[in-house]
Amino acid sequence: MNVVLAADAIGDPVANIGVFAAFAVATLALVYVVSRGGTSTADYYAADSGFTGAQNGIALSGDFLSAASFLGIAGAIAVHGYDGFLYSVGWVVAWLVGLLLIGELLRNTGRFTMGDVIAYRMRQRPVRAAAAVSTLVISFFYMLAQMAGAGGLVALLLNITDRTGQSIIIAIVGLIMILYVLVGGMKGTTWVQIVKAVLLLLCVTMITVFLLGKFDFNFSSILQQAVANNPLGNAILKPGTLYGGNELDFVSLALALVLGICSLPHVLTRFYTVPNAVQARRSVVWAVCTMVVFYLCTLVIGYGASALVGSPAILNAPSGENSAAPLLALQIGGPVLLGIVSAVAFATILAVVAGLTLAASASFAHDVYANIIKRGRTDPRAEVKVARITAVVVGVLAILGGILANGQNVAFLVALALALAASANLSTILYALFWKRYNTAGALSSLYGGLGSCLLLIMFSPVVSGSPTSIFTMVDFHLFPLNNPGIVSIPFSFLCGYIGTMLGGRSESPDAQKEMEVRSLTGIGADLRQ
Amino acid sequence: MLCGGNNDPSDRFPEVTAEVERPAYDSLGMQTGGIRRVDPPQLEHGMWGAGPTPAPRGGEPLAPRRPDYAAIQSSREFAELRSRLRRFVFPMTFVFLSWYLTFVLLAAYAHDFMGTQVFGLITVGMLLGLAQFVTTLAITLTYNRYAKRKLDPQVNLVRTQAGVGPA
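None of the values given here were measured: they were computed from a predicted structure. (Residues numbered from 1 in each chain as written. Chains lettered and ligands numbered in written order. Predicted model: local features only at pLDDT ≥ 70, side-chain atom pairs only at ≥ 80, totals over all residues.)

1. Notes on the overall build of chain A
Helix and strand counts for chain A come out as 21 helices and zero strands. Taken over C-alpha atoms, the radius of gyration comes to 23 Å for chain A, in line with the 24 Å a tight globule of 530 residues would show. Oriented by its inertia axes, the alpha-carbon framework of chain A measures out at about 70 × 50 × 45 Å. Per-residue burial over chain A gives 67% buried out of 530 residues. (Helix = DSSP H or I, 4+ residues; strand = E, 2+ residues; numbered from the N terminus. Rg over C-alpha atoms; globule rule 2.2 N^0.38 Å. Buried ≥ 20, exposed ≤ 12 C-beta atoms within 10 Å, placed from the backbone.)

Spelled out as C-alpha cells, the structure:
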C-alpha cells in the first residue's frame, strides 16, 4: 500500500481540493461576518484591542503551528528521530522570552507596530524607518518560507507536480490570503488563526490518542517499531542524525530559535490585539500550554509515522519528509482524516502569511507613511487605505517570491528569518524597554548592525555557495563556516547597540524616558479603551 | 517636568481621570470622523525634534490633564513595582536560558550520554527534552502567580495614586 501511494498523490486529490475549498469559503465568510463595519486604524491593525487573552493566546500558538512546524517537525522526527524533537524544544522554550521580557511591556508601550516602542523616546523618523526596514525584511523572508512550503504541500496533496500548476496554486493561496487581510484586517485574521489552531490541535490530539491506544499506551513500543522501520535504527533515539557533524551550527540555530521567535514582527503585533498587559500575559500562558500539548503530540506522531508508515515510504512520497503526518493520517483515519489534515495544513499557510502581510502593511502605513512621510498628521482613514494598498503589494510580492522560491530549502528560510529577528529586533526592544541611557544612535546601530551582519554572513555562508545544497552550486565564495549566523550576529547587535549609545551622547530625552518607563510598567496612558 | 505646569509639590500625582483624559486627545485635533480610538499623543512627541514635550495644538494647554510621569517615576511605589518586576524576570531569564543552552550543548556534543537508555527505549535525551517542556510550563505558571500576587496589586496602587484607576 505504501509503495503505491508513494508514486502518487496521497489520497484522493479531488476530495482534498473539495475540503480545502470548503474551508476557504467558510473562513472567508467568517472573516466577513466578524469584521463588518471596522474602518479605524485601531480596528485594522489591532482588532480594536478587543480579544481576550485566551483567544489571542490560541491565535498566537496558531502563528507557530505553521505548516513548517506541523508537517516539518513531524516529518523530521519520523525520518531523523531525536534531532527533529530537539528542534521542537526551542519553539516551546522561546515563549518565555515573550512572557518575561517582551509581552506585557510591549503591550503597554506601543499601539500598532514595533516602531511605536522603539521610537518612543528617540528621534522618530530615522528610528521608525529602521524599524520598518527590519519588519519588512524579516516578514519577507518568513513569508517566502511559507509560500515556498505551499508549493511542496500542493504537490503532495493535490497531485500537481508540474511547476506551472504549482505556481497557479501558490497564486490562488496568495489571493485568498490577500482577501482575508483586506476584508478582515486584524480581527478577521485572528479569527482564522483561532479556528485553524483549534482544528489542528484537535487533529493532532486525536491522532496521538489513537496511536498510543494502538500501542497499549506504551511509548517505548512505538519507539521499538519506529527503530525497526527506520534504516537509521537505534540512531533515531539520540542526537546526531540531522545536526551531527556541524555541532556549532546547531547551537547557532538553537540560539536564533529561542531568541528570535518572540521578536518576529507578526508575533509582536499580536500583543496589541488585547486590551491590557494582564491579557497580554494571559495570551502567552495560553500559548505556552497549547504549544506544549502540540509538540508532545508531534513527538508521538513523528515516531508513530516512522513506526506505521516507515521512513523509506515517507522519503519516497512526493514531498519527502513533509508527507509523514499526512501519510500517517491516511493510514489510520482514511481519506476523511487526510482531507481534514490537508485542509488544516493549507489554512495554516494562509493564516500565517495573512498575519505577516498585516504586520508588514501596518509597519509601512503606520511607521513610514503616517509618521515619516506625513509626520504624524494624517487621517486614520487615509492611513488604513495606505495599509490596504501595502497589503496588496506585499501579497503580490509574496506570491511572486513564493513561485520563485518554490523548491528551495524552506527550513533555511525560516531559520534565516528567525536569526534576523533575534539579531535586529530583540536587542533593540530589550534595550529600549530596560536601558535608561539607550538613544537614537544606539537604536539605529543595533537595528542596522544586527540586520546587516546577519544578511552579510548569510551571503557568505555555505547556504548561498560552496556546498552541494547551496543556492549557487557552480561558484564558491563562502567565507563563513556556519549555515546559521545567529551565534555571531545576535551578540554583535547587542554590542552595536551598546557602542552606538555610548558614542551617541547623553540621554537625549530624559522626560520621555520617564514617561515610557511609567507607561511600560503600569499602562498609564496606554489604555484608551476603558 | 513633562507636563510643563502643575508642579505643586503637595500634589505629586495630579488628579487625572480617564474621563477627562479623552477630551484632551480631542483637543489635539487628531480625532476625526467619528473614529474613536486614536494614537495617544505621547507617540508623537519626537515629531517636534528631540524634545519630549508635545507642543499643545489647538490652543488648549495639555498640562493639567496629562499624568505627571516624572512624579510617578520618582515615587517609592513605582520604584517598588520596577524592582519587583526586575527581581523576578532577570534571574528567571538567566536560569531558563542557561538550562536551555546546557540542553542544547549536551545534544550537540554529548551524543552517547543523551542516547543512554533509561527505561525501555526511552533515552536521557528524550527525558531532558521533556524536562524542558516541564520547566517552561512551570516557569510560566510561577510567573503568572507572581504577577497576580506581587505585580498587579502594585500596578493598581501606582495607578490609583496617579488618579487613573485600576487597569
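2. Re the overall build of chain B
Looking only at helices and strands, chain B has five helices and two strands in total. N-terminal to C-terminal, the α/β element order of chain B is α-α-α-α-β-β-α.

3. Notes on the interface of chain B and chain A
At the interface, 63 residues of chain B touch 65 residues of chain A. Looking at the side of chain B that touches chain A, the elements that each hand over two or more residues are helix 2 (69-73), helix 3 (76-109), helix 4 (111-114), strand 2 (122-123) and helix 5 (124-161) of chain B. When residues in the side of chain B that touches chain A are grouped by element, the largest group, 15 residues, is from helix 5 of chain B. (Contact = placed C-beta atoms within 7 Å.)

4. Side note on the confidence of the model for chain A
All names here are of chain A. Across chain A, pLDDT averages 85, with 94% of residues at or above 70. The lowest-confidence element of chain A is helix 1 (residues 2-7), averaging 38 in pLDDT; the highest-confidence one is helix 20 (residues 486-503), averaging 94. Low confidence marks residues 1-8, where pLDDT is under 50. Its contacts with residues over four positions away, or in another chain, come to ten contacts. (pLDDT = per-residue confidence, 0-100.)

5. So, the environment of I429 of chain A
All names here are of chain A. Residue placement: I429 occurs in helix 18 (residues 410-434). Separated by 311 residues in the primary sequence, I429 and I118 place their C-alpha atoms 6.2 Å from one another. Leave out the neighbours within four places in its chain, and I429 touches I102, V117, I118 and S263.

6. A few points about the packing of helix 6 (residues 82-93) of chain A against helix 5 of chain B
Look at helix 6 of chain A against helix 5 of chain B: their axes get within 10 Å of each other, and the N-to-C directions meet at 15 degrees. Comparing their axes, helix 5 of chain B and helix 6 of chain A come out roughly parallel. Between helix 6 of chain A and helix 5 of chain B the crossing geometry is left-handed. Together, Y82, F85, L86, V89, V92 and V93 of chain A of helix 6 of chain A and G125, G129, Q132, F133 and T136 of chain B of helix 5 of chain B make up the contact between the two elements. Its residues assigned to classes, the contact of helix 6 of chain A with helix 5 of chain B comprises seven nonpolar, four polar and no charged. (Axes fitted to C-alpha atoms, helices over the stretch in contact; angles between N-to-C directions. Parallel < 35°, antiparallel > 145°, perpendicular 65-115°, else oblique. Left-handed = near helix turned anticlockwise from the far one by under 90°. Nonpolar A, V, L, I, M, F, W, Y, C, P; charged D, E, K, R; others polar.)

7. A few points about the nonpolar core
All names here are of chain A. With 230 residues, the main nonpolar core has A305, L350 and A417 as its most contacted residues. If one sorts the elements of this core by residue count, helix 16 (residues 324-373) sits on top with 31 residues. Excluding residues that lie within four positions of it along the chain, L350 makes contacts with V173, I176, M177 and Y180. (Core = buried A, V, L, I, M, F, W, Y, C linked by C-beta atoms within 7 Å.)

8. Let's talk about unusual backbone geometry
All names here are of chain A. Not every positive phi belongs to a glycine, and D216 is a case in point at roughly 55 degrees. Mapped onto the fold, D216 is located in the loop between helix 10 (163-214) and helix 11 (219-228). When the 8 C-beta atoms within 10 Å are taken as the criterion, D216 is described as exposed. Within the chain, F217 stands out as a residue other than glycine whose phi angle is a positive 55 degrees. For F217, the location among the structural elements is in the loop between helix 10 and helix 11. Take F217: there are 11 C-beta atoms within 10 Å of it, and that puts it in the exposed class.

9. A few points about helix 5 of chain B
All names here are of chain B. Helix length check: helix 5 (38 residues) gives 53 Å between terminal C-alpha atoms against 56 Å at 1.5 Å per residue, within 8%. When the local axis directions of helix 5 are compared, the greatest deviation, roughly 45 degrees, occurs at A147. The positive-phi residue at the C-terminal boundary of helix 5 is G163, with phi of around 80 degrees. (Expected span 1.5 Å × (residues − 1). Bend = angle between axes of the 7 residues up to and from the residue.)

10. Here we look at helix 21 (residues 510-522) of chain A
Residue and element names in this part refer to chain A. Its 13 residues give helix 21 an end-to-end C-alpha distance of 18 Å, which sits within 8% of 18 Å, the value for a rise of 1.5 Å per residue. Counting buried residues along helix 21, eleven of its 13 residues qualify, which places the element largely inside the surrounding structure. Where helix 21 is concerned, the buried positions are A512, Q513, K514, E515, M516, E517, V518, R519, S520, L521 and T522. Looking at the residues trailing helix 21, positive phi occurs at G523, about 80 degrees.

11. Examining the packing of helix 4 (residues 53-64) of chain A against helix 10 of chain A
Residues and elements named next belong to chain A. Taken N-terminus to C-terminus, the directions of helix 4 and helix 10 make an angle of 75 degrees; their axes are 8 Å apart at the nearest point. In this view, helix 4 runs roughly perpendicular relative to helix 10, as classed from their interaxial angle. Taken together, the residues of helix 10 that come into contact with helix 4 (itself represented by Q55, I58, A59, S61, G62 and D63) are T190, Q193, I194, K196, A197 and V198. Class assignment of the residues belonging to the contact of helix 4 with helix 10 gives a composition of five nonpolar, five polar and two charged.

12. With respect to the confidence of the model for chain B
Residue and element names in this part refer to chain B. A residue-level look at chain B finds 60% of positions with pLDDT of 70 or above and a mean pLDDT of 71. For the stretch residues 1-64, pLDDT sits under 50, and the model shows 107 contacts to residues farther than four places along the chain or on other chains. Scored as a whole, the predicted complex attains pTM 0.84, and scored at its interfaces, ipTM 0.90.

13. Remarks on the environment of V392 of chain A
Residue and element names in this part refer to chain A. Position of V392 relative to the elements: it lies in helix 17 (residues 380-405). For V392, a count of 14 C-beta atoms within 10 Å gives the class partly exposed. For the pair V392 and F412, spaced 20 residues apart in sequence, the C-alpha separation works out to 26 Å.

14. A short note on the environment of F70 of chain A
For F70 of chain A, the location among the structural elements is in helix 5 (residues 67-80). Separated by 275 residues in the primary sequence, F70 of chain A and A345 of chain A have C-alpha atoms spaced 8.0 Å apart.

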